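Spelled out from the first residue to the last, the chains are:
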Amino acid sequence: MSTRFVDIEALEVPLKAVAKLPIQSIDHHLEPWIARACRIPESDVVRYLIDRRSLDARGKPDLRFVYNLRAEVREDSPVNEVPGISVRTTPPPLDHSLATLPLAESLPLHPIIVGAGPAGQMAAYLLALHGCKPLVIDRGRDADTRTADLEKFHTTRDLDPESNYLFGEGGAGTYSDGKLYTRVKDRRMRFLLEAFVAARAPRHILWRHHPHIGSDILPHMCKHLRKQIEQWGGSFRWQAAVQDVVVENGRCSGIELTNGERISAPLVLIAPGHSARDLITTLMRRGVEHKAKGFQLGCRIEHDQRVIDMGQYGCLPGRDLPKHLLGAAEYNLVSRPPPHAKADHVTTFCMCPGGEIIAATSDRGQLSTNGMSRYARASSFANAGLIVNQAVEREGDGMAGFDLIERLERAAFAAGGGDYTCPAQGATAFMRSEDGPAVGSSSYRLGVRPGRIDRILPPATVTALREALKFFDRVIPGFLTKGTLVGVETRISSPVRFERNPETLASSLPGLYLAGEGAGYAGGIVSAGLDGLRLAETILTGKPALRER
Ligand SMILES: Cc1cc2nc3c(=O)[nH]c(=O)nc-3n(C[C@H](O)[C@H](O)[C@H](O)COP(=O)(O)OP(=O)(O)OC[C@H]3O[C@@H](n4cnc5c(N)ncnc54)[C@H](O)[C@@H]3O)c2cc1C
């Protein structure tokens, strides 16, 4: 049958209209809505591909899904072309740009990738796809062993500094909400998401606005990515902490592990995450060019998920609309206080609807929070970081930032009693500099106990958080009055950025590439993965791969 294509923008589907349908997801049953928008019979709609789905809650509790999609309809179908609906005769070209790169004449065989987080993983993925057979080295363990190590941590409270929520297969994002959005606009995004889908991430991450994967699926996805890299000739080594690079004739020629073993390679790409303070400071001391950069810290806030649902949706999933149609609500808030308030901006960070707070730390005697959610986002708690930019001495080397982070984490650990119990303070008590009543229940599995977060965090951060809490309570009623602060939260971004040669994207040490969050070029799973892809593309083509829309 001959067909043609129709681009449809902003196709609205009210949730109430589909709430009673016996279906799991309306995404797969849009034919009647497409037909109605185009004013054609439903039987003329052959198939469709969703580009994007978002939720419009401006008229809450009247919620709508809004789709941008491309429908394929019968060629003779009398499509009513109005603004937002346009017919095209040829399908748009598919983007295979990363799979079919114009490769440089000689490619590095068996390059070393240090770090199996999103940046290292995706760099290895692209290098392996093009036949380079990378060796990926990580100080942590494979996802299955790491999951078992984390269970042990929860029962013994004995933190393994090499296998924890930050170190091991998949890096810092393996036990997270797995939110996959970024402000970075990059044409490599589709390739990244398709690699995740091929590794068994839910297919709808390709089109949903603010998609997420969930901490129950992410470890499996990381394993499948690893298997794909191995099938293409790559290999992995776990429990292998890199302590230094090997330099010969002014060029990086390999790495040295903490047991003294040296491994040579034509090229080394290190994607260590921001918690690898040991390796990062070694590279700094070696003179690899770098600068101090701004970083953030703050604490986490937790609510009953229903407070957030009512604030964002004006209704409750499970009570007013089926949960499979409408998941736990999220938020993304920014406070920009007026100059006379003399307070810094605060943003919410890594919000986990229906999630739990976890101990995101890799150092004994130190405590920092973060959050994760399973795919179903079904817990009764919502949590998010509340983070404040920290002023840096622009002339400094970043060590002051690392020192501040360590000091705060030690103070939080001590305030929790020294066994990874976390200090917590009601948000109202935080506003009033009071001990406040004992905090209620929390999703943090190692337990919370009353603590003065207002005394642990730097005074300017406390001032900023207080201003922000007042503002956020106006956006989501109950945000302040029903919130509990838990924390501190410090593992957010690196206080250091390593310089890159604009032509090669290599570091100032030839043969050494530094990628992802630990290098100061990413803040999140997607931006770290994209950074790994950009470096790999540069290595493969010999031309700098820029961020491109
Ligand atoms: C609990 C938690 C939840 C998060 N949730 C989200 C989210 O939902 N969405 C989102 O976008 N971002 C989230 N983030 C942030 C995101 O995980 C990071 O931005 C991202 O993982 C950074 O990727 P990376 O590859 O640069 O570094 P990392 O993921 O940190 O990976 C670094 C890897 O290097 C290894 N390594 C370190 N030092 C050495 C060494 N010396 N030798 C060998 N190996 C070494 C580590 O073991 C680790 O595997 C979350 C972070 C945490 C901690």
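What you are looking at is a predicted structure, and each value in this text was computed from that prediction instead of being measured. Each residue is numbered by its place in its chain's sequence as written, counting from 1. Local features are withheld for residues below a pLDDT of 70 in this predicted model, meaning they are given only at 70 or higher, and side-chain atom pairs are given and counted only at 80 or more; totals for whole chains, interfaces and linings count all residues. Side-chain calculation: all heavy atoms of the structure are included, whereas hydrogens and water are not.

Caption draft 1: Here's a closer look at the environment of alanine 382. Within the secondary structure, alanine 382 is located in strand β18 (residues 381-390). Residues alanine 382 and proline 14, spaced 368 residues apart in sequence, show a C-alpha to C-alpha distance of 25 Å. Note on contacts: a residue pair is in contact if any heavy atoms of the two residues lie within 4.5 Å. Those residues in contact with alanine 382, other than ones at most four positions away along the chain, are Ile301, Glu302, His303, Gln305, Ile308, Met351, Cys352 and Gly354. Elements are defined by DSSP. Helices are runs of H or I of four residues or more, strands are runs of E of two residues or more, and each kind is numbered from the N terminus.

Caption draft 2: Region of the structure containing the packing of aromatic side chains. Between rings of Phe, Tyr and Trp, where Trp is taken as its six-membered ring, a pair exists when centres lie within 6.5 Å; planes separated by under 30 degrees are stacked, by over 60 edge-to-face, and by other angles tilted. In this structure the tally under the stated criterion is 10 aromatic pairs. When the centroid spacing of 6.4 Å and the interplanar angle of 70° are considered together, the rings of phenylalanine 65 and tyrosine 67 count as edge-to-face. Comparing phenylalanine 65 with tyrosine 67 shows no difference in burial state: the two are buried. Taking the centre distance of 5.2 Å and the plane angle of 80° together, the rings of phenylalanine 153 and tyrosine 420 count as edge-to-face. Taken as a pair, phenylalanine 153 in helix α4 (residues 143-156) and tyrosine 420 in the loop between α9 (399-415) and β19 (422-426) lie far apart in primary sequence, 267 residues in all. Only protein chains enter the accessibility calculation, which uses a 1.4 Å probe; a residue is then buried when its area is under 20% of its type maximum, exposed when over 50%, and partly exposed in between. Look at phenylalanine 153 and you get buried, because its relative accessible area is 3%. Relative accessible area serves as the criterion here: at 3%, tyrosine 420 is assigned to the buried category.

Caption draft 3: Layout of the nonpolar core. Definition used in this section: a nonpolar core is a set of buried Ala, Val, Leu, Ile, Met, Phe, Trp, Tyr and Cys residues joined via side-chain atoms within 4.5 Å. With 129 residues, the main nonpolar core has Ile26, Leu30, Ile34 and Phe196 as its most contacted residues. Counting residues per element, this core draws most heavily on helix α14 (residues 525-541), at nine residues. Dropping the residues within four chain positions of it, isoleucine 26 is found in contact with Val13, Val18, Leu21, Trp33, Tyr48, Phe65, Tyr67 and Leu325. By size, the runner-up hydrophobic cluster in this structure holds 28 residues, among which are Val245, Val268, Ile270 and Leu283.

Caption draft 4: The site of the ligand, seen in detail. The local shell around the ligand holds 38 residues, among which Asp138, Ala172, Glu517, Gly524 and Ile525 are the closest. At 2.9 Å, a backbone N or O of glycine 168 approaches an oxygen atom of the ligand. Within the backbone of glycine 173, an N or O atom sits 3.1 Å from an oxygen atom of the ligand. Every element with two or more residues in the shell around the ligand is listed here: α3 (118-129), β17 (369-373), α13 (516-519) and α14. Think of it as three bins: nonpolar holds Ala, Val, Leu, Ile, Met, Phe, Trp, Tyr, Cys and Pro, charged holds Asp, Glu, Lys and Arg, and polar takes everything else, Gly as well. A breakdown of the residues in the shell around the ligand according to their chemical character gives 20 nonpolar, 13 polar and five charged. If you count residues domain by domain, the shell around the ligand takes at least three from each of domain 2 (112-290 + 495-541) and domain 3 (295-489). Here a residue counts as near a molecule or strand whenever at least one of its heavy atoms sits within 4 Å of it. Under this definition, polar contacts are N or O atom pairs within 3.5 Å; protein pairs additionally need one hydrogen-donor-capable and one acceptor-capable atom, and for neighbouring residues in sequence, both atoms have to be side-chain atoms. What marks off one domain from the next here is an automatic or database domain assignment.

Caption draft 5: Inspection of the domain arrangement of the protein at higher detail. Its domain assignment divides the protein into domain 1 (3-88), domain 2 (112-290 + 495-541) and domain 3 (295-489). The distance between the C-alpha centroids of domain 1 and domain 2 comes to 39 Å. If you look at the interface, domain 1 gives eight residues, while domain 2 gives five residues. Accessible area that two parts lose when put together, with a 1.4 Å probe and added across both, is what the buried area reports. Both faces combined, the contact of domain 1 with domain 2 buries some 600 Å², and carbon together with sulfur accounts for 47% of it. Counting the surface domain 1 buries against domain 2, the share from its top three residues, Ile50, Arg52 and Arg53, is 58%. Salt bridges are counted wherever a side-chain nitrogen of Lys or Arg sits within 4 Å of a carboxyl oxygen of Asp or Glu. Applying the counting rule to domain 1 against domain 2 returns one salt bridge. The salt bridge involving arginine 208 is made with aspartate 27; its shortest N-O contact spans 2.8 Å. Summed over the shared surface of domain 1 and domain 2, the result is six residue pairs in polar contact (both at pLDDT 80 or more).

Caption draft 6: Structural view of helix α12 (residues 459-475). Taking 1.5 Å as the rise per residue, α12 with 17 residues should run 24 Å; its terminal C-alpha atoms sit 25 Å apart, in good agreement. The complete set of buried residues in α12 reads Thr461, Val462, Ala464, Leu465, Arg466, Ala468, Leu469, Phe472 and Asp473. Take the residue count of a helix, subtract one, and multiply by 1.5 Å to get its expected span.

Caption draft 7: Just empty space enclosed by the protein, in detail. Cavity means a closed set of points on a 1 Å grid over the protein atoms alone, one where a 1.4 Å probe fits but cannot get out, pocket means an open set with protein on both sides within 12 Å along at least 5 of 7 lines, and lining means a residue has an atom within 4 Å of a point. Grid points are joined across faces, edges and corners, and a volume is the space filled by probe spheres set on the points. What the rule picks out here adds up to two cavities of 30 Å³ or more. The space that makes up the largest cavity amounts to roughly 70 Å³. Taken together, Pro118, Gln121, Gly170, Gly173, Thr174, Phe196, Leu218, Met221, Cys222 and Ile525 make up the lining of the largest cavity. Top element by residues in the lining of the largest cavity is helix α6 (residues 218-231). It accounts for three residues. When grouped by side-chain class, the residues that make up the lining of the largest cavity number six nonpolar, four polar and no charged. Its volume calculated, the second largest cavity comes out at about 40 Å³. What lines the second largest cavity is Val184, Asp186, Tyr521, Ser527, Leu530, Asp531, Arg534 and Arg547.

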